[in-house]
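One-letter residues, chain by chain:
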Amino acid sequence: MGVDSADFDQDGWQDLFVTNVDQEMYSIYKNNRDLTFEDIAGATGLGKTTRLMSGWGLKFLDYDNDGNVDLFIANGHPDDQIESHSSHVTYKEPLLLFHNNGKTLENVTAIAGSAFTKNFAARGLAVGDFTNNGALDVIDRGQ
């Protein structure tokens, strides 16, 4: 569904992040430097946070310019009727923001601002300086 790569742990090797559909937690694959990867989503708390979500757009980016790549995720279930047959999953889902504190990715969605208090049926996102002010902006493709 969604995938991005970055050296989130600053060890010189590209790591991977992959979103999934609900009931399958998202994965963050730490590069083992030997052509293998280890999914550390459970240990970081990302797995528990994302298990009932469906992720589409995501991007590693340094939103606070501290030198660590953070993670932005746009979510939304693909079935617009999911709420009629599931009590644990919703069609519109929240955006997620994880801050990289240099050791792990910390969920800061609750303090990230008003856009993060709303739910969307997002299907992707784009990142760039759309306002030409030198700061990154994010646009999501939601319904």
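All figures in this text were calculated on a predicted structure; none of them were measured in a lab.

Moving on, we come to the pattern of salt bridges. Counted according to the given criterion, the structure contains 4 salt bridges. Close ionic contact of Asp11 with Lys30 constitutes a salt bridge, the shortest N to O distance being 3.3 Å. One end of the pair, Asp11, is in the loop between β1 (3-6) and β2 (15-18); the other, Lys30, is in strand β3 (residues 27-31), and 19 residues separate them in sequence. Note on Asp11: relative accessible area 19%, which makes it buried.

Most of the time, phi is negative for any residue but glycine, and the peptide bond is trans. Even without being glycine, Gln10 reaches a positive phi, approximately 55°. You can see Gln10 is positioned in the loop between β1 and β2. In this structure Gln10 comes out as partly exposed when scored by relative accessible area, which is 48%. A positive phi angle, near 55°, is found at Asn132, a position not held by glycine. Locating Asn132 in the fold gives a position in the loop between β11 (125-128) and β12 (137-140). The class for Asn132 is exposed, based on a relative accessible area of 69%.

Parameters at a glance
- Residues numbered from 1 in each chain as written.
- Predicted model: local features only at pLDDT ≥ 70, side-chain atom pairs only at ≥ 80, totals over all residues.
- Heavy atoms only, no water.
- Salt bridge = Lys/Arg side-chain N within 4 Å of Asp/Glu carboxyl O.
- Helix = DSSP H or I, 4+ residues; strand = E, 2+ residues; numbered from the N terminus.
- Buried < 20%, exposed > 50% of the residue type's maximum accessible area, 1.4 Å probe, protein only.

None of this, on its own, says anything about what the molecule does.
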